[in-house]
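So you can see what is in the structure, the chains are spelled out below.
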Amino acid sequence: MDNIIVYFPFKLSANPKSGSGIRPKKMVEAFQALGQDKNLEIIIVAGNSSKRKEQIKEFIHSGKVQKTLFCYMENSTMPYWLTDEDHIPRHPFIDYYFLKYLKRNHVPIGLFYRDIYWKFKELYSLEGVKKVLTPLIRKIYQFELSRFYNVVDVLYLPSLEMNKYVGWDGEVQVLPPGIDRMKVLSNPNINDRVNLIYIGGISERYGIKTLIDAMEILQKKKKQVHLYLICRKAEYEQNKLLKEKADNDWITIEHLSGEELLQVCKKAHIGMIPIQKNSYHDFAVPVKLFEYLSFGLPLVVTDCSAQTRIVREGGYGLVAKDSADELAQSILNIAQENNYIEYKNNILQNAFKNHSWYARVAKVYADLSKEKK
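Residues numbered from 1 in each chain as written. Predicted model: local features only at pLDDT ≥ 70, side-chain atom pairs only at ≥ 80, totals over all residues. Heavy atoms only, no water.

### A closer look at the overall build of the protein chain
Rules: Per the convention used, a helix needs a DSSP run of H or I reaching at least four residues, while a strand needs a run of E reaching at least two, with both numbered from the N terminus. Here the globule rule is a power law, 2.2 Å times the number of residues to the power 0.38, and the radius of gyration is based on C-alpha atoms. For this analysis, residues touch if any pair of their heavy atoms sits within 4.5 Å. All accessible-area figures derive from a Shrake-Rupley calculation using a 1.4 Å probe, and residue coverage is judged against the displayed protein chains alone. Two residue types count as positive, namely Lys and Arg, and two as negative, namely Asp and Glu; His and chain ends fall outside the count. Where a charge sits is defined by one atom per residue type, namely NZ (Lys), CZ (Arg), CG (Asp) or CD (Glu).
Each helix and strand in the protein chain was counted, giving 15 helices and 12 strands. Relative to the compact-globule value of 21 Å for 373 residues, the protein chain shows a C-alpha radius of gyration of 22 Å, a close match. Referenced to the eigenvectors of the C-alpha coordinate spread, the extents of the protein chain come out at roughly 70 × 50 × 35 Å. The long-range fraction of contacts in the protein chain, counting pairs at least 24 apart against all pairs at least 6 apart in sequence, stands at 74%. With the model as given, the accessible surface of the protein chain reaches about 17700 Å², and the carbon-plus-sulfur share is 49%. Taking the average location of the 53 positive side-chain charges in the protein chain and that of its 43 negative ones, the two points are 3 Å from each other.

Written as structure tokens, this is what we have:
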């Protein structure tokens, strides 16, 4: 039986909470579904470095490499040498050795490179006494990337815009987050009151002040607009701005997950992504964008390049300049009934078809099968 290797140089989370943990889980599930459809064995290599060493040894001795169609790999948020829980590089050569072994056996390799935040001084700096190690760790990240140049056939990025900072000269394809399934909800009538929802971080870079200022502009105009803001309780307790606004009747601040979150999404009309526009955010693709789409919610997003392209190409909502006035006006425009129905229909008809996790692995299968030929 032909096989596909799905490779993660880190331990997978059983119950992931963040986007970086959710993605591997969803990709494994989608590859397993693809394997059933195409009668392929899906071989998962993952875990701490000792576990991976055992799995690699077993695979090499099995002789299955002659039936391997390709290897799909995702990198970690840290260099693969350091992905054990205590970050001690116990088996520093095993991952690259395995990739070189696959390369010698003419197995195409696709790598999803999840982030390049370490190149941005304002985003990446170690804390405390470890701060002096920041330049060294950056060099380790750069060295890891250079190793990938030697073995990877197709590089996958969350957005093409990110390659401005990665600088990959070979084949680059886009592989943003996916949609698990469509959760079609019976949203209330938008003519009664416009309900916005924001889910996520509330630090300054996420544009929360801009969103709050936009809401206050709408209140001054006597518009019936309400914001459901879902965030972590610990972050909220440290956020002076939100605590000052919490008693207003135009905002509901809650700390929810799971089924409780679903109940709030049933009340919502529009998903908000007011993230600040900057060089890093221009190539970032927020997981919440696809979460909102999975609920069938039209979007209002700020004009960061990658998310702008996704929203405009799909006809999923409106893009606003990164200002409170522009955000407020876009909310009013999208809430007009004809506009709202058009965006919602685009989502219901096309979002899952184009952006499901299965669609993501089907693309990888098509790309890397072509490389095999």
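That covers the picture; the talk isn't over yet.
### Observations concerning the sheet that holds strand β5 (residues 154–157)
Using the following cut-off: DSSP calls a pair of strands paired once it identifies at least 2 bridges connecting them. Lines fitted to C-alpha atoms define the axes here, with helix axes fitted over just the stretch in contact, and angles between the N-to-C directions of these axes take values from 0 to 180 degrees.
Within the open sheet, the 6 strands sit side by side as β2-β1-β3-β4-β5-β6. Their pairing is parallel. Edge positions in the sheet fall to β2 (41–45) and β6 (171–174), since each has one partner strand and no second. Across the sheet, the axes of successive neighbouring strands diverge by a mean angle of 20 degrees, strand direction being ignored.

### As for helix α14 (residues 337–355)
This is how it is decided: Helix span, expected: 1.5 Å multiplied by one less than the number of residues in the helix. Think of it in three bands: residues with accessible area under 20% of the maximum for their type are buried, residues over 50% are exposed, and the middle band is partly exposed, with areas taken using a 1.4 Å probe on protein chains only.
Its 19 residues give α14 an end-to-end C-alpha distance of 26 Å, which sits within 8% of 27 Å, the value for a rise of 1.5 Å per residue. Listed in full, the buried residues belonging to α14 are Tyr340, Tyr343, Lys344, Asn346, Ile347, Ala351 and His355. Looking at the buried positions of α14, the neighbouring elements they touch are β10 (270–273), α11 (287–294), α12 (305–314), β12 (317–320), α13 (324–334) and α15 (357–372).

### Quick notes on the nonpolar core
Defined as follows: Take the buried Ala, Val, Leu, Ile, Met, Phe, Trp, Tyr and Cys residues and link them wherever side-chain atoms come within 4.5 Å; each set so joined is a nonpolar core.
Among the nonpolar cores identified, the biggest contains 63 residues, and Leu196, Ile197, Leu227, Leu229 and Leu293 are the most heavily contacted of them. Among the elements that line this core, the one with the most residues is helix α6 (residues 208–220), at 7 residues. Contacts of leucine 196, omitting those with residues within four sequence positions, involve Met215, Val225, His226, Leu227, Tyr228, Ile270, Met272 and Ile331. Of all hydrophobic cores here, the second largest spans 41 residues; its members include Ile43, Ile94, Ile116 and Leu155.

### What about the pattern of salt bridges?
Keep this limit in mind: For salt bridges, the criterion is a side-chain nitrogen of Lys or Arg within 4 Å of an Asp or Glu carboxyl oxygen.
Under the criterion given, the structure shown has 19 salt bridges. Of the charged contacts in the structure, one is a salt bridge between glutamate 29 and lysine 25, with a shortest N-O distance of 2.9 Å. Here lysine 25 and glutamate 29 lie together in helix α1 (residues 19–38), a separation of 4 residues that amounts to about one turn. The partly exposed category is assigned to glutamate 29, whose relative accessible area is 34%. On the accessibility criterion, lysine 25 (30% relative accessible area) is partly exposed. Residues lysine 243 and glutamate 237 are paired through a salt bridge, measuring 3.2 Å at the closest nitrogen-oxygen approach. One continuous salt-bridge network, built from bridges that share partners, spans Lys25, Lys26, Glu29 and Asp180.

### Observations concerning the confidence of the model for the protein chain
What counts here: Per-residue confidence from the predictor is given as pLDDT, running between 0 and 100.
On average, the protein chain scores 91 in pLDDT, and the residues at 70 or more come to 94%. In the model of the protein chain, helix α9 (residues 258–267) stands out as the element of lowest mean pLDDT, 85, in contrast to strand β1 (residues 3–7), which has the highest, 98.

### What to know about the packing of helix α2 (residues 49–62) against helix α3 (residues 94–104)
A pair of packed helices can be characterised by two numbers: the angle between their axes and the separation between those axes. Stated formally: Any angle that is under 35 degrees is reported as roughly parallel, and any over 145 degrees as roughly antiparallel; angles of 65 to 115 degrees are reported as roughly perpendicular and all others as oblique. By definition, turning the near helix anticlockwise from the far helix through less than a right angle yields a left-handed crossing, and turning it clockwise yields a right-handed one. Under the convention adopted here, Pro, Cys and the residues Ala, Val, Leu, Ile, Met, Phe, Trp and Tyr are nonpolar, Asp, Glu, Lys and Arg are charged, and Gly plus all remaining residues are polar.
The contact between α2 and α3 brings their axes to 10 Å, and the two run at 20 degrees. In this view, α2 runs roughly parallel relative to α3, as classed from their interaxial angle. In this structure, α2 meets α3 at a crossing whose hand is left-handed. Residues Arg52, Lys53, Ile56, Phe59 and Ile60 of α2 form the contact with α3, whose own contacting residues are Ile94, Asp95, Tyr97, Phe98, Tyr101 and Leu102. Of the residues belonging to the contact of α2 with α3, the class tally is 8 nonpolar, no polar and 3 charged.

### Regarding the state of the cysteines
In plain terms, the rule: Two cysteine sulfurs form what is called a disulfide whenever their separation falls within 2.5 Å.
Counting across every chain of the model gives 0 disulfides. Not part of a disulfide, cysteine 231 finds its nearest cysteine sulfur in cysteine 265, a span of 14 Å. Assessed through its relative accessible area of 6%, cysteine 231 is described here as buried. According to the relative accessible area criterion, cysteine 265 is buried, its value standing at 0%.

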